[in-house]
Amino acid sequence: MELLPHQQRVVAEKAELDEKLDKLIAFFQSPTFRGLSVDEQSRLHSQAAYMKGYSTVLGERIGAF
């Protein structure tokens, strides 16, 4: 099945988001991350959680195509 242009954009958006999320999660293991304040670490963990939720919704939309 060929996707419509707006559907292709959703697929691309999810792929880009997932790539950024993977990089953020990898960053959590770095010395730079460990050097950040606890508050900043917490904000980044919150950001990752929201990104994961966003990715999940995009995946559900793609599944409905």
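For the structure itself, look to the data block above.
The structure contained in this document is the topic of the report that follows. (Residues numbered from 1 in each chain as written. Predicted model: local features only at pLDDT ≥ 70, side-chain atom pairs only at ≥ 80, totals over all residues. Heavy atoms only, no water.)

## Quick notes on the overall build of the chain
- Within the chain one finds three helices and zero strands.
- Reading the secondary structure of the chain in the N-to-C direction produces α-α-α.
- Computed over the C-alpha atoms, the radius of gyration of the chain is 15 Å, more than 25% above the 11 Å expected from 2.2 N^0.38 for a compact globule of 65 residues.
- Looking at the chain as a whole, 23% of its 65 residues are labelled buried. (Helix = DSSP H or I, 4+ residues; strand = E, 2+ residues; numbered from the N terminus. Rg over C-alpha atoms; globule rule 2.2 N^0.38 Å. Buried < 20%, exposed > 50% of the residue type's maximum accessible area, 1.4 Å probe, protein only.)

## Let's talk about the environment of Met51
- By the element assignment, Met51 lies in helix α3 (residues 38-64).
- The class for Met51 is buried, based on a relative accessible area of 13%.
- When the C-alpha positions of Met51 and Met1 are compared, they lie 28 Å apart, and in sequence the two are 50 residues distant.
- Among residues more than four places away in sequence, those in contact with Met51 are Leu17, Lys20, Leu21 and Leu24. (Contact = heavy atoms within 4.5 Å.)

## Concerning the pattern of salt bridges
- Going through the model one piece at a time under the given rule, you end up with three salt bridges.
- Lys23 serves as the salt-bridge partner of Glu19, at 3.3 Å between the closest nitrogen and oxygen. Of this pair, Glu19 and Lys23 both sit in helix α1 (residues 5-27), four residues apart, roughly one helical turn.
- A residue is classified by how much of its surface remains accessible, and Glu19, at 45% relative accessible area, is partly exposed.
- On the accessibility criterion, Lys23 (54% relative accessible area) is exposed. (Salt bridge = Lys/Arg side-chain N within 4 Å of Asp/Glu carboxyl O.)

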